[in-house]
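A closer look at the structure
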Amino acid sequence: MSNIAILEVDGKRYEFPMLKGSENEITIDINNLRSVTGGITTLDPGFKNTSSCESAITFLDGEKGILRYRGYSIEELAEKSDFLEVAYLLIFGELPTKVQKADFTKEIKKNNIVDEDIKKILDGFPRSAHPMGVLSALTSALTAFNPKSVNVESEKDMFKAVCKILGKFPVLVAWTYKKEEGLPLAYGDNSLGYVENIIKMMFERPNEKFVMNPVVVKALDKLLILHADHEQNCSTSTVRVVGSSQTGLFASLSAGISALWGPLHGGANQAVIEMLEAIKEDGGDYQKYIAKAKDKDDPFRLMGFGHRVYKNFDPRANIIKEAAEEVLNDLGIDDPVLDIARGLAKEALSDEYFKSRNLYPNVDFYSGIIYRALGIPVPMFTVMFALGRLPGWIAQWKEMRLRKEPISRPRQLYTGAPLRAFVEEAER
Ligand code: ACO
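Residues numbered from 1 in each chain as written. Predicted model: local features only at pLDDT ≥ 70, side-chain atom pairs only at ≥ 80, totals over all residues. Heavy atoms only, no water.

A word on the overall build of the chain. Tallying secondary structure elements over the chain gives 18 helices and 6 strands in all. Dimensions of the chain, computed from the C-alpha atoms along their principal axes, are close to 80 × 65 × 55 Å. For the chain, with 428 residues in total, the buried portion stands at 47%. For the chain, contacts bridging at least 24 residues in sequence account for 71% of all contacts bridging at least 6. Carbon together with sulfur atoms contributes 51% to the accessible area of the chain, which is approximately 22000 Å² in total. One finds the centroid of the 54 positive side-chain charges in the chain at a distance of 4 Å from the centroid of its 59 negative side-chain charges. (Helix = DSSP H or I, 4+ residues; strand = E, 2+ residues; numbered from the N terminus. Buried < 20%, exposed > 50% of the residue type's maximum accessible area, 1.4 Å probe, protein only. Contact = heavy atoms within 4.5 Å. Areas by Shrake-Rupley, 256 points an atom, 1.4 Å probe, with all protein chains shown as cover. Lys, Arg positive; Asp, Glu negative; His and termini not counted. Charge placed at Lys NZ, Arg CZ, Asp CG, Glu CD.)

So, on to the sheet that holds strand 6 (residues 72–73). The antiparallel open sheet is built from 3 strands, whose spatial order is 4-5-6. At either margin of the open sheet sits one strand with a lone partner, and together these are strand 4 (58–61) and strand 6. (Pairing = 2+ DSSP bridges.)

The subject of this paragraph is the sheet that holds strand 3 (residues 26–28). The 3 strands are arranged 1-2-3 in an open sheet whose pairing can be described as antiparallel. Two strands bound the open sheet, and with one partner strand each, they are strand 1 (4–9) and strand 3. Within the sheet, the average angular offset between the axes of one strand and its neighbour, ignoring direction, is 30°. When strand 2 (residues 12–20) meets strand 3, the two strands line up antiparallel, connected through 3 bridges. The residue bridging K20 from the neighbouring strand is I26, located in strand 3. (Axes fitted to C-alpha atoms, helices over the stretch in contact; angles between N-to-C directions.)

Another point: helix 3 (residues 83–92). Counted residue by residue, helix 3 has 9 buried out of 10 residues, so it is predominantly covered. Among all positions in helix 3, only F83, L84, E85, V86, A87, Y88, L89, L90 and I91 are buried. Put simply, D82 is the residue that caps the front of helix 3, since its side-chain oxygen is 3.1 Å from the backbone nitrogen of L84. (Polar contact = N/O pair within 3.5 Å; in protein donor to acceptor, adjacent residues only side chain to side chain.)

Across all of its chains, the model carries 14 aromatic pairs by this definition. Measuring from centroid to centroid gives 6.0 Å for F83 and Y194, while their planes differ by 35°, and the two rings are tilted. Separated by 111 residues along the polypeptide, F83 in helix 3 and Y194 in helix 8 (residues 194–203) bring together distant segments of the chain. Overall, the relative accessible area of 1% leaves F83 in the buried class. For Y194, a relative accessible area of 15% gives the class buried. (Phe/Tyr/Trp six-rings, centres within 6.5 Å; stacked < 30°, edge-to-face > 60°.)

Our next topic: the side chain of N197. Relative to the helices and strands, N197 is located in helix 8. Judged by relative accessible area, N197 falls into the buried class, the value being 7%. With residues up to four places along the chain from it excluded, the contact list for N197 reads N112, Y187, G188, D189, N190 and L192.

At a closest axis distance of 11 Å, the pairing of helix 9 (residues 214–227) and helix 17 (residues 363–373) adopts a crossing angle of 155°. With respect to each other, helix 9 and helix 17 are oriented roughly antiparallel. Judged by the twist between their axes, the crossing of helix 9 over helix 17 is left-handed. Residues A219, L220, L223 and H227 of helix 9 touch helix 17, and the partners they reach there are V363, D364, S367, I370 and Y371. Broken down by class, the residue content of the contact of helix 9 with helix 17 amounts to 6 nonpolar, 2 polar and 1 charged. (Parallel < 35°, antiparallel > 145°, perpendicular 65-115°, else oblique. Left-handed = near helix turned anticlockwise from the far one by under 90°. Nonpolar A, V, L, I, M, F, W, Y, C, P; charged D, E, K, R; others polar.)

See below:
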């Protein structure tokens, strides 16, 4: 293949270099398109064809169903690693040695206390507030309590900032949950592992001895690994875009949380369980809902189906489906919603409408079933996703800053009114 792309406009030829990624993906570098053509831009709503950056963090091939963090396959990481190790890998580029992991864990534990005044902010929210809104606000508020901006060029500074947010974020997650439940806020126990401590902070009740269930720990650890990064998705792009104006880490992460909230992104796990519940309430007839999803006059979509990038299968969905079955078996839960999910997936996977559009169950189709089995209320599902995605957002923010990327500022094709004279109020 030639390494030059040619654009012809009004008989004039412009040449643009073709770049090759380390997995042989090809992109046309149009960095100087406007300057050489005298202002021509490209139009790509939703950035379906646009590589917004160069990145060395996550590789995914949607056609082949491949997902790798820093070169390691998601299947191998989910089986052999743990969430904290994966976080280190994503943010610092390599799996940690034993010493590095111990230092990382120690520094996170040193930082997993939040200012007492954060409780006052939490107090101001109504119990009915959506936990994603609360989490986004609290994460942004961390800036006020940690105003010193991080020097990304300094490894030491960056390490400290990373440990700070990895330490404090689970506390915010747990408190968001406690607020929703109306339970007292707790700090857990620093003698526990990272995920164990999250579970204790969330589920310990003030008047009962807490018993840790290793099945729950393993399942949550796996879920967090599967959600840890997904290259330039909506929330990650948001974190990079916001950070590109040199906004601080906590504020950029808070913007990412808001982006994740939506039902077409992280909010899908909540939408899936609500859909499965509705089908159950309606007598369990999933065929009816498949017909609704196919009906172009009906806005209904099969939640948890389809993906902007995966057009073959979502490798995370396969791992999570197995994990869901394991958790439900181990906890002895017979959830009719899982039967509906199984039936719905089977039916849709053999239906021409879904087959021809490459619509497969995505990661969120099964994750809600696990969260529910773990006793996590539905509005908290997306918060759990945010907890998993945190290392990815941090890694991408750090990369963007280290690469000294310019401020994100897209162009547009203006389709509004041409210049017109101001109309006086009496004449409108
Ligand atoms: N149910 C029914 N039809 C669907 C679905 C669905 N879930 N998803 C896509 N389609 C159809 C569209 O109607 C369209 O049909 P057409 O070509 O006849 O018009 C075609 O498939 C292509 O759909 P697009 O919306 O163009 O695909 P896009 O890549 O833009 O959207 C998205 C991807 C947003 C994920 C979409 O599939 C969807 O809405 N899915 C349901 C929500 C969901 O599960 N989101 C979670 C994504 S994973 C994550 O964020 C972690």
